Amino acid sequence: MDGTSNVVTMPGMSKTHLALVTALAFAAACGSRTVARSPAPLPSPIARPPAAPLLDSAAIDREVRAAWTKARITPAKDADDATFLRRATLDLTGRIPTEAAVTAFLADPSKDKRGKAVDALLASPAYADHFTNVWDRILLGRDARQNLVDRVAFRKWLHDAFAKDTRYDRLVFDLITATGRNSVGGRPGRDPAAHRAEVDDDDDAPIHGAVNWFLKYQGNLPDLAGATSRVFLGVQIQCAECHDHKTEAWKTADFQSFTACFARTRVERIEKGKVTGVRRVEVKDTSRPLRPPKRMDVPDWASAPPRALDGTDFSQSPNRRRALAEWMIAPKNPWFAREIVNRTWAQMLGRGFFEPVDDLRASNPTTLPDLLARLERDFVASGYDLKHLLRVIALSEAYQRAAEAPAAPREDGLDEELWSHFQITRMGADELLDSLASATRLGERLDRLGEAEAERGRFALRRQFAFAFDVDEDGDHHDEFDGTVSQALWLMNGQLVNRASSALPASALGEILASPGDDASKVRSMYLRTLSREPSAGETARVLAVVHGARPGDRRAAWEDVFWAILDSSEFLFNH
Amino acid sequence: MTPSSPLSRRALLSTTAGSLAALLASRLVDPRVARAAASAPEPRARACIVLWMNGGPSHIDTFDPKPGAATARFAAIKTRAPGLAISEHLPLLAEHGDRLAVIRSMTSKEGNHDRARYLLHTGYSPNPTVKHPSLGGWIVEETRGKAGAESDIPSFVSIGGPSVGAGFLGLQNGPFIVSDPNRPPDNVAPARDVDDARFARRLAARDALEQRFRDATRDPQLDGRRAIDEQAVRLMRSSKLVAFDVSQEPEAAKKAYGDSKFGRGCLMARRLVEAGVKVIEVVLDGWDTHQDNFERTKKLMAQLDPAFSSLLADLKDRKLLDSTLVACVGEFGRTPKINAQDGRDHFPAAWSAVLAGGGIRGGQAYGATSADGSQVADKPVTVPNLFATATTLLGLDPGKTVTSPIGRPIAITEDGAPIAALIT
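Keep in mind that what you see is a predicted model, and the values were worked out from it rather than measured.

1. Structural notes on the overall build of chain B
Along the backbone of chain B there are 12 helices and 16 strands. Across the 424 residues in chain B, those meeting the buried criterion constitute 58%. If you take every contact in chain B between residues at least 6 apart in sequence, the share linking residues at least 24 apart comes to 72%.

2. What to know about the domain arrangement of chain A
Residue and element names in this part refer to chain A. Annotation of chain A at the domain level lists domain 1 (18-31 + 127-327), domain 2 (57-78 + 335-422) and domain 3 (426-575). Counting residues at the interface gives 13 residues for domain 1, matched by 16 residues for domain 2. Secondary-structure elements contributing two or more residues to the side of domain 1 that touches domain 2 are α9 (168-177) and α11 (221-233). It is α11 that provides the largest number of residues to the side of domain 1 that touches domain 2, a total of four residues. Looking at side-chain class alone, the side of domain 1 that touches domain 2 contains five nonpolar, three polar and five charged residues.

3. Some remarks on the interface of chain A and chain B
Quoted interface sizes are often the accessible area lost when the parts come together. Counting residues at the interface gives 56 residues for chain A and 59 residues for chain B. In terms of residue class, the side of chain A that touches chain B is made up of 24 nonpolar, 17 polar and 15 charged.

4. Details of the environment of S257(A)
All names here are of chain A. Secondary-structure assignment places S257 in helix α12 (residues 252-260). Along the sequence, S257 and V267 sit 10 residues apart, while their C-alpha atoms lie 21 Å from each other. With residues near it in sequence (within four places) discarded, S257 still touches A304, P305, P306 and R307.

5. Brief notes about helix α7 (residues 196-217) of chain B
All names here are of chain B. Between its first and last C-alpha, α7 extends 31 Å over 22 residues, near the 32 Å set by a 1.5 Å rise per residue. The principal kink in α7, of about 40°, is found at E210. Of the residues making up α7, those classed as buried are F199, R201, R202, A205, R206, L209, E210 and T217. Phi turns positive one or two residues past the end of α7, at R218, with a value near 50°.

6. Topic: the packing of helix α4 (residues 81-93) of chain A against helix α6 (residues 113-123) of chain A
All names here are of chain A. The interhelical angle for the contact between α4 and α6, taken along N-to-C directions, is 25°, at an axis separation of 10 Å. Between α4 and α6, the crossing angle belongs to the class labelled roughly parallel. As α4 runs across α6, the sense of the crossing is right-handed. Along its contact with α4, which presents F84, L85, A88, T89, L92 and T93, the element α6 presents R114, A117, V118, L121 and L122. Looking at side-chain class alone, the contact of α4 with α6 contains eight nonpolar, two polar and one charged residues.

7. Quick look at the sheet that holds strand β1 (residues 47-54) of chain B
All names here are of chain B. Judged by pairing direction, the sheet is mixed, and its eight strands sit side by side in the order β6-β5-β7-β1-β8-β11-β4-β12 without closing on themselves. Each edge of the sheet is formed by a strand with only one pairing partner; in this case those strands are β6 (176-178) and β12 (364-366). Taking each pair of neighbouring strands and ignoring which way they run, the sheet shows an average axis angle of 20°. Against the sheet, helix α6 (residues 135-143) engages β1, β5 (156-159) and β7 (279-285), with an angle of about 165° to β7. Sheet strands in contact with helix α12 (residues 383-393) are β1, β4 (100-106), β8 (324-330) and β11 (351-357), and its direction is about 160° off that of β8.

8. Things to note about helix α26 (residues 555-567) of chain A
For α26(A), which comprises 13 residues, the first-to-last C-alpha distance of 19 Å matches the rise-based estimate of 18 Å (1.5 Å per residue) to within 8%. In terms of burial, α26(A) is a largely internal element, 10 of the 13 residues being buried. Among the residues making up α26(A), those that are buried are A558(A), W559(A), E560(A), D561(A), V562(A), F563(A), W564(A), A565(A), I566(A) and L567(A). Contact partners of the buried residues in α26(A): α22 (495-500), α23 (508-514), α24 (519-530), α25 (537-549) and α27 (570-573) of chain A together with α7 of chain B.

9. Some remarks on the environment of A40(B)
Topologically, A40(B) is positioned in the loop between α3 (31-37) and β1. The exposure class assigned to A40(B) is partly exposed, which follows from the 14 C-beta atoms found within 10 Å.

10. Notes on the sheet that holds strand β1 (residues 180-181) of chain A
All names here are of chain A. The sheet built from three strands is open, its strands ordered β1-β3-β2 with antiparallel pairing. Among the strands making up the open sheet, the edge pair consists of β1 and β2 (265-269). Relative to strand β3 (residues 281-285), β1 runs antiparallel, the two sharing two bridges. By the bridge assignment for β3, R181 is matched with E282.

11. Looking at the pairing of β8(B)
Residues and elements named next belong to chain B. The element β8 is largely enclosed, with a buried count of seven among its seven residues. Residues T324, V326, C328 and G330 point to one face of β8 and L325, A327 and V329 to the other, with burial holding for every one of them. Pairing analysis gives seven bridges linking β1 to β8, with the strands arranged parallel. Considered in β8, the bridge of C48 is made with L325. Judged from the four bridges that link them, β8 and β11 form a sheet pairing that is antiparallel. Along β11, the bridge assignment pairs A327 with L355.

12. Describing the confidence of the model for chain B
Atom-level detail of predicted coordinates should not be read off regions where pLDDT is low. Residues of chain B with pLDDT of at least 70 account for 89%, and the chain-wide mean is 88. Within the model, the stretch residues 1-38 of chain B combines pLDDT values under 50 with 55 contacts to residues more than four positions away or in other chains.

13. Remarks on unusual backbone geometry
Residues and elements named next belong to chain A. Of note, the bond from E355 into P356 is cis; its omega dihedral lies within 30 degrees of zero at -10°. Mapped onto the secondary structure, P356 falls in the loop between α14 (336-349) and α15 (369-381). Its identity is not glycine, yet Y384 carries a phi of approximately 55°, on the positive side. Take Y384: it is sitting in the loop between α15 and α16 (386-394). Its identity as a non-glycine residue notwithstanding, S532 has a phi of 60°, on the positive side. Along the chain, S532 falls in the loop between α24 and α25. Exposure remark for S532: the 27 C-beta atoms within 10 Å place this residue in the buried category.

14. Some words on the pairing of β4(B)
All names here are of chain B. By the criterion of burial, β4 is predominantly enclosed, with seven of the seven residues buried. Pairing geometry for β4 and β11, over five bridges, is antiparallel. For M106, the partnering residue across the bridge sits in β11 and is W351. Both β4 and β12 contribute to a ladder of three bridges, which runs parallel. Paired with V102 across the two strands is A365, which belongs to β12.

15. Here we look at the environment of L513(A)
Residue and element names in this part refer to chain A. Along the chain, the position of L513 falls in helix α23. Put simply, L513 and R556 are 43 residues apart on the chain and 8.6 Å apart in space, counted from C-alpha to C-alpha. Not counting chain neighbours up to four residues away, the residues in contact with L513 comprise A503, K522 and W559.

Thresholds, definitions, all that
- Residues numbered from 1 in each chain as written.
- Chains lettered and ligands numbered in written order.
- Predicted model: local features only at pLDDT ≥ 70, side-chain atom pairs only at ≥ 80, totals over all residues.
- Helix = DSSP H or I, 4+ residues; strand = E, 2+ residues; numbered from the N terminus.
- Buried ≥ 20, exposed ≤ 12 C-beta atoms within 10 Å, placed from the backbone.
- Contact = placed C-beta atoms within 7 Å.
- Domains from an automatic or database assignment.
- Nonpolar A, V, L, I, M, F, W, Y, C, P; charged D, E, K, R; others polar.
- Expected span 1.5 Å × (residues − 1).
- Bend = angle between axes of the 7 residues up to and from the residue.
- Axes fitted to C-alpha atoms, helices over the stretch in contact; angles between N-to-C directions.
- Parallel < 35°, antiparallel > 145°, perpendicular 65-115°, else oblique.
- Left-handed = near helix turned anticlockwise from the far one by under 90°.
- Pairing = 2+ DSSP bridges.
- pLDDT = per-residue confidence, 0-100.

Next comes the structure, spelled out in structure tokens:
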């Protein structure tokens, strides 16, 4: 089985699945009764100008500090500058800082340099790269291998949105309501550049990458509805698919009504017959019921009245998805802002106000609910500005604690629950790949090959990576690179890390060794590139003992061993 | 934990095996008592090989032939077991008919590949709030610390596919993946120019250099990482690594299993069972025959037939068949109706699963579908029932519960009861 590609499907599994057949049969039955694709005037909540932000990080600090005092917690000390820069660079741009960035930051005497660094990171192009990866993982996950899904086109849409600082409510609105073509067709891995095109070359029809999320569900509308509710509203209504929810108010009928919001969107084939790679289709909304194909049981949701989670009825609405999206992003929606604030907080601090990050039911205990509510209001007031939210969190005291667990953790777990020290997390697969590329110049070497070639190279790397990193279902954060035996072997013995740590002339190590300066300065450079900090005197001595302990002919190999050892160390592999 | 249907209850009561009957009956009478007794069943099998038919094979064209039916194209052939017929394209397997228990009344509600794959691997439909462990994960977890469980090589191996992980039971119980059975597992040898001594120096340097970080953070994740790392290094240095090397097999054996990736995978599976691996999954991909069903299914059976039958013969010769449960199953069956592309679509309502070896009563068809293969006509078997049967044979109490990370008790199978008629 080909577990390595993320768009092209496994042989034999790539054909039309039953659900697709269903969707296509719907389409065939419906002819062309579609709602014309209008330029989509913005619903009122988006059109409103943002109000001035209310919060700064000090407001968070007051509440968290009060909670520490009340619980008699002594928080860990402030993370030092180098640690802060590495952490923020990873969390905001998905890779470790460059040697130059670390050196400049450490040398900067200004008091507000952390704030300036956060602003610079949020303004850098890597911000969009990183959040494209984050949301690709959340929305498409690892199982989107069907031949209807063009991941490159989807990522382009995400990337454009983050690069343009699209408001979060607008982003979600566009995703939920997306119509249009999924792809230019063919194999995205072979020619990624083509898949970032705006239009289909054949007939100039526009490509809308966002529809690939709808297509991921292959006509399985209950799963689509469940994901919509869980990811954007933190409501796990899918538990009610088969039975009424045990602890919450959700009934099976509620779930069917929510699912019915997606029941008038159809998938129309652009090309017939067998295709290689992604099948081109168009997603359209219709105003009339889709006729189910013969021999299929009509699902219960097909006749359910379309309703939001609070019972708002969309039966009269000409476009159900649009009505649903407007309801979701309305400022008075109690779930929408709460979910993204919690998710973002958890991405940054390793633990949300509630866990799992997408389960905000009332019976799920929430830490510091008042602070969460303040952040929600602030986020709405800021105009759903993700960068504002990230900045406020990044400059809070809670985010800037050292990753040092107390010697005696409390039995009630309150210290961890209240973020008394920073929770270390493994880098995700993308973060690791990008960090390795940054530490070892691999990225630059790829870039020198030109854009198309570099993209192909990255794709190949990612694919190499994927097999060892591709075991589970789609999960929300940090669980791809979770440290299986296969992954440990890949890190120790795989080509990438070994090439990256080699002292070949064009490599990072080759460059370090060729630089003027004594061996201690070479150790320093190595540490700055990989661990983003200066080595201590003891560490320098230890490394030099390894290098100088080798016979002169083996010195180069000894340097490689040290470089390898650092890349395979937990300090490199974790965000801390 | 009660049986889900009167049928399985009836099946249970018809059992004859003494201790097994007692165990099963205790689950029937009062599940709480059964759990309190908490005595795991005596294992009949100590290893399990799953031949995973990825995509969902057409039951009508493989193990539930309907000669003469309007939508059937293949003939049926007799097997060594009286009354048990299978597809004409499985002639070698027919010779082992007396070892096969063909369940023809499998039924589920999951018609989507991903969801059904999850169901068949874990016994549960996907649920966003809990990551259920796969059968392999349960077995590794439950046999840890028991005699013969400690090994340098992983206890759960998936050949040719990612399988499903151990969910909330943790990474240490997940599958070790062999991407291609024709070569050794990826990355088990040090990189070029790195000999054993140099590799050892590297590990020592790494451990020394990360000590400061470990001391400062005091995070249990780091101990977890070190444990997995040690497992990886043990595997690299293990004398049992040779079990993954199919090239050591005589040409005749390779030929008997068929010259296919799947054939090599089955051969590797046999070698792994001999080396003490507990759970092995071998993937045969391509059963999702929405188009061109008959040609493709025929080609796939040409791979399945020699591999499956040679595996049974080899295990028998090595006296391992009685202690190795072999299951051949995919995520669902396929529609009796043939579509416009001469294909068959997904069909979870009625399909087949095949069991052999380790405590299975061979030579029988269990349950039946209607004349056209469109519905279960006799003794429906749910996936949890199949799971309960397998776990019981492997010595696990199917009703045993473990508390999931969010505090919910999760049983190895929910609503599943072993099917006594399948067990010797």
